[in-house]
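A closer look at the structure
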Amino acid sequence: MFEGLSDKLSGIFDKLTRRGALSEADVAEALREVRRALLEADVALDVVRTFTDSVQAKAVGANVVKSVSPGQMVVKIVNDVMVETLGSTAQPIDLDAAPPVAIMLVGLQGAGKTTTAAKIAKRLKERHGKRVLMASLDVKRPAAQEQLAILGRQVEVDTLSIVPGQDPVKIAKRAEETARREGYDVVMLDTAGRTHIDEPLMEEMAQIKAVSKPHEILLVVDALTGQDAVNLAKNFDDRVGLTGIVLTRVDGDGRGGAALSMRAVTGKPIKLIATGEKMDALDEFSPQRIANRILG
Ligand code: GDP
């Protein structure tokens, strides 16, 4: 991901930094090229506009053309604006609540929810020493609960016992009661997905939220779906209320538009990125690190 954008931007910046002096027109031309590169990377139009306006304003404010190395200053400004667009600082999962802290994962079918649930649980166990109980609330897909149990055994994290025929809200209640009784720190709730958003799905999410009172509601969304990922996040946030986003398949060759637009469009932080199928392929989303990856 990001390779295409990264190549284009480094081409633009090489041209810019090779020249000693720059005119206002040179800077304006470079900004037009940056704008085009962002649009081609599938970054949302509004985000691109705000981005280039902000770079322009900062370039004028810093009187870039009069500086000793104007090209490098433009690059630095683009870097700063990109970090801001991505959310400025990393936003880790927040567990600052009375245990058991519920984390609810929502999203479409195939986005990577179940895989991500196990990855997060593993991370919380290994890095934060938390006792985690995972529960699958997916009663639609026949093998979903068993899939989570298998992953749980793989990462050595407990999963709630499966009671055939129990509905998602009852499972959520049982997860909370079990976690409380048995002294777990965190309850990870893996919810059912659909192929697209529909009313029954949103209603189900709202009911689960009401009984579990999750401290984190994370949307798990496939970065390869670009603008659709951003629209999905807006929809889920409007209906269920999100505390953050996990972008999956950042290992794929998507153009990166979702990663770049998500924070600015939804106002919700990307907390984690998933970069593969393995249980360790999960990283904290660091705006600075991603900007470095894009800008080289
Ligand atoms: P769910 O329906 O949302 O629970 O999705 P799953 O967790 O079952 O994931 C669907 C498929 O995507 C599985 O084959 C996962 O191994 C795969 N997957 C999940 N996350 C990633 C990721 O970050 N990168 C890649 N390449 N594959 C992933």
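Now for a quick tour of the structure.

1. Some thoughts on the site of the ligand
Around the ligand, 17 residues are found, and the nearest of them are Gly 110, Thr 115, Arg 249, Asp 251 and Glu 277. Gly 112 is positioned with one of its backbone polar atoms (N or O) 2.9 Å from an oxygen atom of the ligand. A distance of 2.7 Å is found between an oxygen atom of the ligand and a side-chain nitrogen or oxygen belonging to Glu 277.

2. Thoughts on the side chain of Ser 136
Tracing the sequence through the fold places Ser 136 in strand S2 (residues 132–136). A polar contact is formed between the side chain of Ser 136 and the backbone nitrogen of Asp 138, at a distance of 3.3 Å.

3. Focus on the pattern of salt bridges
Evaluated as defined, the whole model comprises 21 salt bridges. Here Glu 84 and Lys 58 are joined by a salt bridge, their closest N and O atoms 3.3 Å apart. Taken together, the positions of Glu 84 in helix H4 (residues 70–85) and Lys 58 in helix H3 (residues 45–61) put the pair 26 residues apart, joining distant regions of the chain. Glu 84 gets classed as partly exposed once you look at its relative accessible area, which sits at 44%. Its salt-bridge partner being Lys 140, residue Glu 204 comes within 3.8 Å of it at the nearest N-O pair.

4. Some details on helix H8 (residues 199–212)
If you check H8, its first and last C-alpha atoms are 20 Å apart, about what 14 residues at 1.5 Å a residue would give, namely 20 Å. Listing the buried residues of H8 in full gives Leu 201, Met 202, Glu 204, Met 205, Ile 208 and Ser 212. Projected onto a plane normal to the axis of H8, the buried residues spread over an arc of 160 degrees and lie on a single side. Buried positions along H8 lie against strand S1 (101–106), helix H7 (168–182), strand S4 (186–190) and helix H9 (227–239). Between the side-chain oxygen of the N-cap and the backbone nitrogen of Leu 201 there are 3.0 Å, and the N-cap of H8 in question is Asp 198. Positive phi shows up at Lys 213, right after H8, with a value of about 40 degrees.

5. A word on unusual backbone geometry
Cis geometry is adopted by the peptide bond preceding Pro 100, which originates at Pro 99 and carries an omega value of 0 degrees. By secondary structure assignment, the location of Pro 100 is in the loop between H4 and S1. One non-glycine residue with positive phi stands out, namely Asp 42, at about 75 degrees. Residue Asp 42 is classed as buried on the basis of its relative accessible area, which comes to 19%. Although it is not a glycine, Glu 156 adopts a positive phi angle of roughly 60 degrees. With respect to the helices and strands, the residue Glu 156 is situated in the loop between helix H6 (144–155) and strand S3 (158–159).

6. Some details on the nonpolar core
Nonpolar side chains in soluble globular proteins tend to be buried together. Core analysis: the biggest nonpolar cluster contains 74 residues, and Leu 9, Met 82, Phe 236, Leu 247, Met 262 and Ile 294 have the highest contact counts within it. Look past the residues within four positions of Ile 294 in its chain and what remains in contact with it is Phe 2, Leu 5, Ser 6, Leu 9, Met 82 and Leu 260.

7. So, the sheet that holds strand S7 (residues 270–274)
One open sheet holds the 8 strands; their spatial order is S3-S2-S4-S1-S5-S6-S7-S8, and the pairing between them is mixed. Strands at the two margins of the open sheet, each flanked by one partner only, are S3 and strand S8 (282–284). Alignment of S1 against strand S5 (residues 216–222), held across 4 bridges, turns out to be parallel. The residue of S5 that forms the bridge with Met 104 is Ile 217. Across the sheet, H6 is in contact with S2, S3 and S4; its angle to S2 comes to roughly 155 degrees.

8. Here we look at the environment of Gly 254
Assignment of secondary structure puts Gly 254 in the loop between strand S6 (244–248) and helix H10 (257–266). A residue is classified by how much of its surface remains accessible, and Gly 254, at 15% relative accessible area, is buried. As a C-alpha pair, Gly 254 and Ile 150 span 104 residues in sequence and 29 Å in three-dimensional space. In this structure, Gly 254 is in contact with Met 1, Phe 2 and Leu 224, ignoring residues within four places of it in sequence.

9. Overview of the packing of H7 against H8
Across the interface, H7 lies against H8 with an axial gap of 9 Å and an inter-helix angle of 25 degrees. Viewed along their axes, H7 and H8 adopt a mutual orientation that is roughly parallel. Viewed along their axes, H7 and H8 form a crossing whose handedness is right-handed. Contact residues: Pro 168, Val 169, Ala 172 and Lys 173 in H7; Glu 204, Gln 207, Ile 208, Val 211 and Ser 212 in H8. Looking at the contact of H7 with H8, its residues break down into 5 nonpolar, 2 polar and 2 charged.

10. Notes on the pairing of S4
For S4, a buried count of 5 out of 5 residues is recorded, marking the element as mostly surrounded by other parts of the structure. Of the two faces of S4, both are covered, the one formed by Val 186, Met 188 and Asp 190 as well as the one formed by Val 187 and Leu 189. Of the strand pairs in this sheet, S1 and S4 are connected by 5 bridges, and their pairing is parallel. Bridge pairing links Val 101 to Val 186 in S4.

Basis of the calculations
- Residues numbered from 1 in each chain as written.
- Predicted model: local features only at pLDDT ≥ 70, side-chain atom pairs only at ≥ 80, totals over all residues.
- Heavy atoms only, no water.
- Near = heavy atom within 4 Å.
- Polar contact = N/O pair within 3.5 Å; in protein donor to acceptor, adjacent residues only side chain to side chain.
- Helix = DSSP H or I, 4+ residues; strand = E, 2+ residues; numbered from the N terminus.
- Salt bridge = Lys/Arg side-chain N within 4 Å of Asp/Glu carboxyl O.
- Buried < 20%, exposed > 50% of the residue type's maximum accessible area, 1.4 Å probe, protein only.
- Expected span 1.5 Å × (residues − 1).
- Arc of directions from axis to C-beta.
- Contact = heavy atoms within 4.5 Å.
- Core = buried A, V, L, I, M, F, W, Y, C linked by side-chain atoms within 4.5 Å.
- Pairing = 2+ DSSP bridges.
- Axes fitted to C-alpha atoms, helices over the stretch in contact; angles between N-to-C directions.
- Parallel < 35°, antiparallel > 145°, perpendicular 65-115°, else oblique.
- Left-handed = near helix turned anticlockwise from the far one by under 90°.
- Nonpolar A, V, L, I, M, F, W, Y, C, P; charged D, E, K, R; others polar.

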